[in-house]
Amino acid sequence: MKHFQPFTLNLGGRLWEIGRPQVMAIVNVTDDSFHAESRVVDPEAIARRAIKLVADGADMLDVGACSTRPGAEVVAEETEKERVVMAVKAIRSVLPAIPVSVDTFRASVAASAIAVGADIVNDVSGGDLDDRMFEAVASLRVPYILTHSRGTPATMQSLTDYDDVVADVITDLSRKIEQLRLMGVCDIIVDPGLGFAKTTAQCYRLLDATGVIADMLDCPVLIGASRKSMLTGPLAVTAAEALNATTVVNTIALERGAAFLRVHDPKEARETVTIVSQLPSRGSTVFNPTF
């Protein structure tokens, strides 16, 4: 087990101290998410879902209004912006202090969300789909979740040719981290992008390398495997049936040093964090038999 290292994030001048792995709960403001039960589309429903997610154990909420699942049709920029702004306002009306991230690859959507109360930008494209994103994040002075991906939702699954998926992902993210640091972005979280331009086997190699990624890039790592095809495929189940598999993968991620779990089901994820935290850190003696 890789020992969790506490760290801080600057959320609009408020120092957020993180002493254990965090549960990021998904709020899908779209009618095209792969997990239908996570979709909410009006302010009242969004507020109710946000309250329940936090009651169930979410440390933060991640609002997305444009599905980025493989094969998804990308919604218009103005539509995404309207949905995101509506959702962040709805959340802030009932939860003024909970950290909120906006899941978008568009700089203008990120800026609009931050303007109405979001704290963090979660960019599934790692800056590749909008060349204004890095500049926007630097200007907004907010934490940035840098995800590894290739192509677009329509093309990503044909772009899985890597020399070595772990080394290639680390190299690509390292280059972008250097660029972001030079632009003044201080708080960077990395996401290896499980399911984004990755085969199932490549997803599990990256999951296994969570601690290596964190050490090599010197950034906290977010793992988002909740109900994804890397789980449903091997088990031949639907996303709705993949909660148990999600818990298994989240356990593996935590044992390898993940700092964030992005999930649809925060109650189970929070329980996983609590149980895994009972394990002794690396180097502790659990059992020392004498032969």
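Here the structure is a predicted model, which means the values were calculated and not measured.

### Describing the sheet that holds strand S8 (residues 188–191)
- Pairing is parallel in the open sheet, where 8 strands are placed in the order S8-S7-S6-S5-S4-S3-S10-S9. Unpaired on one side and paired on the other, S8 and strand S9 (222–223) mark the two borders of the sheet.
- Relative to strand S10 (residues 260–263), strand S3 (residues 22–28) is paired through 4 bridges, and the arrangement is parallel. Bridge assignment links methionine 24 to a residue of S10, and that residue is arginine 262.

### Some thoughts on helix H4 (residues 133–140)
- Of all the positions in H4, only Met133, Phe134, Ala136, Val137 and Ala138 are classed as buried.
- In this structure, the buried side of H4 is in contact with helix H3 (107–115), strand S6 (120–123), strand S7 (144–147) and helix H5 (165–182).
- Positive phi shows up at arginine 141, right after H4, with a value of about 55 degrees.

### A short note on the confidence of the model for the protein
- Taken as a whole, the protein shows an average pLDDT of 91; of its residues, 91% reach a score of 70 or greater.
- When the criterion is pLDDT under 50, residues 283–291 qualifies, and its contacts beyond four places in sequence or with other chains add up to 1 contact.

### Some details on the side chain of serine 101
- Relative to the elements of secondary structure, serine 101 occurs in strand S5 (residues 100–103).
- On the accessibility criterion, serine 101 (0% relative accessible area) is buried.
- Aside from chain neighbours lying at most four places away, what touches serine 101 is Met24, Met60, Leu61, Asp62, Val63, Ile120 and Asn122.

### Section: unusual backbone geometry
- Of note in the backbone geometry, arginine 141 takes a positive phi value of approximately 55 degrees without being a glycine.
- The residue arginine 141 is located in the loop between H4 and S7 in this model.
- Exposure remark for arginine 141: the relative accessible area of 65% places this residue in the exposed category.
- Phi at alanine 236 takes a positive value of approximately 55 degrees, unusual for a residue other than glycine.
- Assignment of secondary structure puts alanine 236 in the loop between helix H8 (229–235) and helix H9 (243–255).
- Judged by relative accessible area, which is 70%, alanine 236 ranks as exposed.

### Remarks on the packing of H9 against helix H10 (residues 266–276)
- Direction vectors running N to C along H9 and H10 enclose 35 degrees, while the axes themselves pass 10 Å from each other. In terms of crossing hand, the pair formed by H9 and H10 is right-handed. Facing Leu243, Thr247, Asn250, Thr251, Leu254 and Glu255 of H9, the residues of H10 in contact are Glu268, Ala269, Thr272, Val273 and Val276.
- Looking at the contact of H9 with H10 residue by residue, the classes come out as 5 nonpolar, 4 polar and 2 charged.

So, how was this worked out
Residues numbered from 1 in each chain as written. Predicted model: local features only at pLDDT ≥ 70, side-chain atom pairs only at ≥ 80, totals over all residues. Heavy atoms only, no water. Pairing = 2+ DSSP bridges. Helix = DSSP H or I, 4+ residues; strand = E, 2+ residues; numbered from the N terminus. Buried < 20%, exposed > 50% of the residue type's maximum accessible area, 1.4 Å probe, protein only. Contact = heavy atoms within 4.5 Å. pLDDT = per-residue confidence, 0-100. Axes fitted to C-alpha atoms, helices over the stretch in contact; angles between N-to-C directions. Left-handed = near helix turned anticlockwise from the far one by under 90°. Nonpolar A, V, L, I, M, F, W, Y, C, P; charged D, E, K, R; others polar.

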